[in-house]
Amino acid sequence: MFSGMQKIVLNYPKLRERIETREKPQEEKNKVLANLDEIKAHFSHSFTKGFVRFLDATLPQVYDGVEFDEGGVNIQALLKDHCVVLVPNHQSHADYLTINYSFYKKYTSPLYVAGGVNLNIPVIGPMFRKMGCFFIRRSFHNDASYKLTLEAYLYYLMKKKRAIEFFFEGGRSRTGKLRSPRFGLFNMLLEVHKEISKTEDVPLVFVPVSIVHEYIPETSSLTKELGGKKKSKESLGQVFKLVGIFAYQFGTVQIKLGKPIYAPEFNEENLRDKTHDLAFKCFREVGRNMMVTPSSLLAMVLLDDPSGAMPWQDIFNRAEMIINYCTKYNVPMTKSLEKDKFKKSLERAMDIFIGNKRVDVIGREHHGHLYYSIREECRGEILHSKNTIIHHFIIPSIISYAWISLFSGEIKDVKDLKLFFLRQRSQLKHEFYLPTVKEFFYKTLSIISDIVGKRITTLEELMSFDNKDLYAIASHVGIFNRALSYIYEAYYTSAVALKSLDEEYPDGFKLDQYEKKSKQVFDSEVKLGRIIRYKEGHSPLLVSNSLKYYTHLEMIKEEKGLLSIANTEEFTNLISRYEKDLRNQLAINIRGFGS
């Protein structure tokens, strides 16, 4: 006899057809049932209630709080007559616990979470299954039976109106920046819902979820993986190491629901495009709701200063300028950054960084010479925190960068200005998912219009600004002058490495030679201290992205596995422009802005 779940799964039309058309239907059915046992959750209300009580007692020992913001979304109403799918970003393994914990406490309803099969380990695996986790293999493209079983299980969950959750990035972000969405589960859910819609009128709705941590337990290992270290396989031994987290302070976890996005209508011809469009709508909504936290704010202030050590008053002043921008332009922030709580929250974030040995205190307080400095070996970890919010400040950073070029004479006319903005966008799209060119210019002109107090509709109007207008713009966005400097430095040193290799190997060079040379050039430039000031400006990912950018510009070509520069003169000019821009950035006194 089959269970209720097995009957629904086996009755999924696509799977039923496959079983019936196989030479050995019973053998295929047995395989499907084995796959189902491997995938399915074993949700238990009693276990989950007990575990929630356990977390009620233990989470306050690690976190200052777990904040759940519905963002105006009526989840309970959606759960009654919709197929609901939550799509969060993914920063930490703690995401599974904190989201499920918050969801169950709020709604007393199970949340069925798609997890990687790598987490199906002793102790952790069975526990997660009882809380609603179902496990998926990392790759199953060549196993049609497994794929259809997974679709059929999703079909079962939707038929039962169980809320489903999956992390749309496909894995934890190693950089802190949002990763582009993976399309597989979006595609499956659309197809499964189409089958359900043939007999039931139940809408499918995706609810984007933005989660940010003040401090992530595994940031150190994620940063090492970003640097090229092989990912450690999850094991029971790692579970016992979790006891060590009680020696750290993690601040708060912020969870915010975004605007629900309804599944689009589609046919076989446009399914791919509709899937991609849906995934990126969810991606953008998650990014829009990523909150600025005290720790990410502090990370941005500390990392953007090239001096290496800052007094508290300077830190506070710069943080306040950023918060003023956020308030004015509706950048989401935690409630702890509201005016009456701002100072204490920033101090708490600094205490966390100091307590977790990521920031050093230099000097003696009673002499009035107390400075705060990120430990050199921890800059990559702190960058992870900054990267969670940096996308909110790309446009003001580029505006600031443009104004530096105007002051220095690098931009002479409107043609130069337009080219500058397009060039910046072309480069940064290899690091971030950016708005369209039209949206990009619209937001740029909107910010400038707001600053100068008059409506600006064209770039031509900017060239007629007087010194008062120019200074007003610089004073408002100058705080973001160096927000993207580590990226520009990475692209500059990568270009220098490519030129050096092209001179050394006129017949072409290999990718691994480029990767090695990039590190050598970067380390050399850091020691020289001419224009490279940010030691976090080198990572294999940045090296790879910069090569993609130069290849996209058709400045680098590849033939028979060998790389070479397509136009030496043009590439040399590009390097010179980078160097001038970086020097101009360093020459600007950022403390003069915002006064």
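Relevant structure appears above.
Asker: Explain helix α25 (residues 568–587) here, please?
Answerer: Given 3.6 residues per turn, any residue in an α-helix points the same way as the ones three and four places further on. Taking 1.5 Å per residue as the helical rise, α25 with its 20 residues ought to reach 28 Å, and the 29 Å between its terminal C-alpha atoms agrees with that figure. All of the buried residues along α25 are F571, L574, I575, Y578, D581, L582, N584 and Q585. Taken together, the buried residues of α25 touch α17 (394–408), α18 (414–428), α22 (485–504), α24 (540–552), β12 (556–559) and β13 (562–565). Capping the start of α25 is the job of one residue whose side-chain oxygen sits 3.2 Å from the backbone nitrogen of E569: N567.

Asker: What should I look at first to understand the pattern of salt bridges in this one?
Answerer: Pairs may arise between side chains of opposite charge once their charged atoms sit close together. Scanning all chains against the criterion turns up 31 salt bridges. Note that E191 and K14 form a salt bridge whose closest N and O atoms lie 3.5 Å from each other. With E191 in helix α9 (residues 184–197) and K14 in helix α2 (residues 13–21), this residue pair connects regions lying 177 residues apart in the sequence. Of the residues examined, E191 reaches a relative accessible area of 24% and is grouped as partly exposed. By relative accessible area, which is 24% here, K14 ends up partly exposed. Of the charged contacts in the structure, one is a salt bridge between E28 and R22, with a shortest N-O distance of 3.9 Å. For E28, a relative accessible area of 7% gives the class buried. Judged by relative accessible area, which is 37%, R22 ranks as partly exposed. Three or more residues joined by partner-sharing salt bridges are found here, namely K14, K147, E151 and E191.

Asker: Please explain the nonpolar core as it appears in this structure.
Answerer: Most often, soluble globular proteins keep nonpolar side chains buried together rather than apart. Grouped together as the largest cluster of nonpolar side chains are 194 residues, with contacts concentrated most on F134, Y153, F166, F206, F393 and Y550. Per element, the largest residue contribution to this core is ten residues, and it comes from helix α8 (residues 144–159). In contact with Y153, not counting residues within four places along its chain, are M5, V9, L36, I39, K40, A41, Y112 and F134.

Asker: I would appreciate a short explanation of the side chain of R423 in the present structure.
Answerer: In this structure, R423 sits in helix α18. Despite its burial, R423 pairs with no opposite charge, the nearest such side chain being D581 at 4.9 Å. Setting aside residues up to four positions removed in sequence, R423 forms contacts with Y549 and R577.

Asker: Explain the side chain of S400 to me, please; I cannot follow it from the model alone.
Answerer: Secondary-structure assignment places S400 in helix α17. Looking at S400, the relative accessible area reads 4%, which means it is buried. With near-sequence residues (within four places) excluded, S400 lies in contact with V477, G478 and N481.

Asker: Sorry if this is basic, but what is going on with the packing of aromatic side chains here?
Answerer: Geometrically, a pair of aromatic rings is defined through the distance of the ring centres and the angle of the planes. Applying the stated criterion across every chain, the model contains 37 aromatic pairs. Aromatic side chains F186 and F206 sit 5.6 Å apart centroid to centroid with 35° between the ring planes, which places their arrangement in the tilted category. On the criterion of sequence distance, the pair formed by F186 in helix α9 and F206 in strand β6 (residues 204–213) is long-range, its members being 20 residues apart. Look at F186 and you get buried, because its relative accessible area is 0%. Given a relative accessible area of 0%, F206 falls into the buried group. With 5.5 Å between their ring centres and 85° between their planes, Y401 and F420 make a pair best called edge-to-face. Here F420 lies in helix α18 and Y401 lies in helix α17, a separation of 19 residues in the sequence. In this structure, Y401 and F420 share a single accessibility class: buried. The structure contains a cluster of three or more aromatic residues connected by ring pairs, namely Y401, F420, F421, F440, F441 and Y488. Across the ring face of F432, the terminal group of K177 is positioned such that the distance to the ring centre comes to 4.8 Å.

Asker: What exactly am I supposed to notice about the pairing of β6 here?
Answerer: Each regular strand displays side chains that alternate between the two surfaces of the sheet. Of all ten residues in β6, ten are buried; the element is thus mostly enclosed. Neither face of β6 is left uncovered, since the one carrying L204, F206, P208, S210 and V212 and the one carrying V205, V207, V209, I211 and H213 both have all their residues buried. Here strand β2 (residues 83–88) runs beside β6; their pairing, made up of six bridges, is parallel. In the sheet register, V87 faces β6, and the bridge partner there is P208. Where β6 meets strand β8 (residues 261–262), two bridges bridge the pair, whose relative direction is antiparallel. Within the sheet, the bridge partner assigned to F206 lies in β8 and is I261. Pairing of β6 with strand β7 (residues 252–257), which is carried by five bridges, proceeds in the antiparallel orientation. Bridging across to β7, H213 finds its partner in V253.

Asker: Before we go on, may I ask you to explain the packing of helix α4 (residues 45–62) against helix α6 (residues 94–107) in this structure?
Answerer: For any two helices packed against each other, the geometry is given by the interaxial angle and the distance between the axes. Two elements in contact, α4 and α6, have axes whose closest approach is 10 Å; the angle formed by their N-to-C orientations is 110°. Classed by the angle they form, the pair α4 and α6 counts as roughly perpendicular. The interaxial crossing formed by α4 with α6 has left-handed handedness. Packed against α4, whose contacting residues are H45, T48, K49, F51, V52, L55, D56 and L59, the element α6 presents L97, Y101, Y104 and K105 at the interface. For the contact of α4 with α6, a count of residues per class yields seven nonpolar, two polar and three charged.

Asker: I would appreciate a short explanation of unusual backbone geometry in the present structure.
Answerer: Of all residues except glycine, most have a negative phi; of all peptide bonds, most are trans. The backbone phi angle of K161 is positive, close to 55°, even though this residue is not glycine. With respect to the helices, strands and loops of the structure, K161 is situated in the loop between α8 and β5 (163–165). Overall, K161 belongs to the partly exposed group, its relative accessible area being 30%.

Asker: In this structure, what is going on with the sheet that holds strand β9 (residues 310–311)? I would like to understand it.
Answerer: Strand pairing in a sheet relies on backbone hydrogen bonds, with the paired strands running either antiparallel or parallel. Taken together, the three strands give an open sheet; going across it, the order is β9-β11-β10, and neighbouring strands pair in antiparallel fashion. Edge positions in the open sheet fall to β9 and β10 (359–362), since each of these has one partner strand only. Against the sheet, helix α13 (residues 294–304) engages β9, β10 and β11 (371–374), with an angle of about 90° to β11.

Asker: Could you clarify how one ought to interpret the pairing of β2 in this entry?
Answerer: Among the six residues that make up β2, six are buried, leaving the element largely enclosed by the rest of the structure. Taking every second residue as pointing to the same face, both faces of β2 are buried, with C83, V85 and V87 on one and V84, L86 and P88 on the other. Judged from the two bridges that link them, β2 and β5 form a sheet pairing that is parallel. Counterpart to L86 in the pairing with β5 is E165.

Each value, and the rule that gives it
The residue count restarts for each chain, going from 1 along the sequence in the order it is written. Note on the predicted model: pLDDT of at least 70 is required for a residue's local features to be given, and 80 or more for side-chain atom pairs to be given and counted; whole-chain, interface and lining totals, by contrast, use all residues. No hydrogens and no water enter the side-chain calculation; it runs on all heavy atoms of the structure. Elements are defined by DSSP. Helices are runs of H or I of four residues or more, strands are runs of E of two residues or more, and each kind is numbered from the N terminus. Given a helix with a known number of residues, its expected span is that number minus one, times 1.5 Å. Exposure categories follow from relative accessible area, calculated using a 1.4 Å probe and restricted to protein chains: below 20% of the type maximum is buried, above 50% is exposed, and the middle band is partly exposed. Should any heavy atoms of two residues lie within 4.5 Å, those residues are considered in contact. Polar contacts, as counted here, are pairs of nitrogen or oxygen atoms within 3.5 Å of one another; within protein the pair requires one atom able to donate a hydrogen and one able to accept it, and residues that are adjacent in sequence qualify only if both atoms are side-chain atoms. Between Lys or Arg on one side and Asp or Glu on the other, a salt bridge is scored when a side-chain nitrogen of the former is within 4 Å of a carboxyl oxygen of the latter. Definition used in this section: a nonpolar core is a set of buried Ala, Val, Leu, Ile, Met, Phe, Trp, Tyr and Cys residues joined via side-chain atoms within 4.5 Å. Only four residue types enter the charge count, namely Lys and Arg as positive and Asp and Glu as negative; His and the chain termini do not. Each pair of aromatic rings taken from Phe, Tyr and Trp, with Trp reduced to its six-membered ring, is defined by centres within 6.5 Å and is described as stacked if the planes are under 30 degrees apart, edge-to-face if over 60, and tilted in the remaining cases. Charge over a ring is defined by NZ of Lys or CZ of Arg lying within 6 Å of the ring centre and within 35 degrees of the ring normal. Any two strands are treated as partners once DSSP identifies two or more bridges connecting them. Structural elements are reduced to axes, namely lines fitted to C-alpha atoms, with helices fitted over the stretch in contact, and the angle between N-to-C directions of any two is expressed from 0 to 180 degrees. Our angle categories are set so that under 35 degrees counts as roughly parallel, over 145 as roughly antiparallel, 65 to 115 as roughly perpendicular, and the remainder as oblique. Definitions for this section: a left-handed crossing has its near helix turned counterclockwise from the far helix by less than a right angle. A right-handed crossing has that turn clockwise. Three classes are used: nonpolar for Ala, Val, Leu, Ile, Met, Phe, Trp, Tyr, Cys and Pro, charged for Asp, Glu, Lys and Arg, and polar for all others, with Gly counted as polar.

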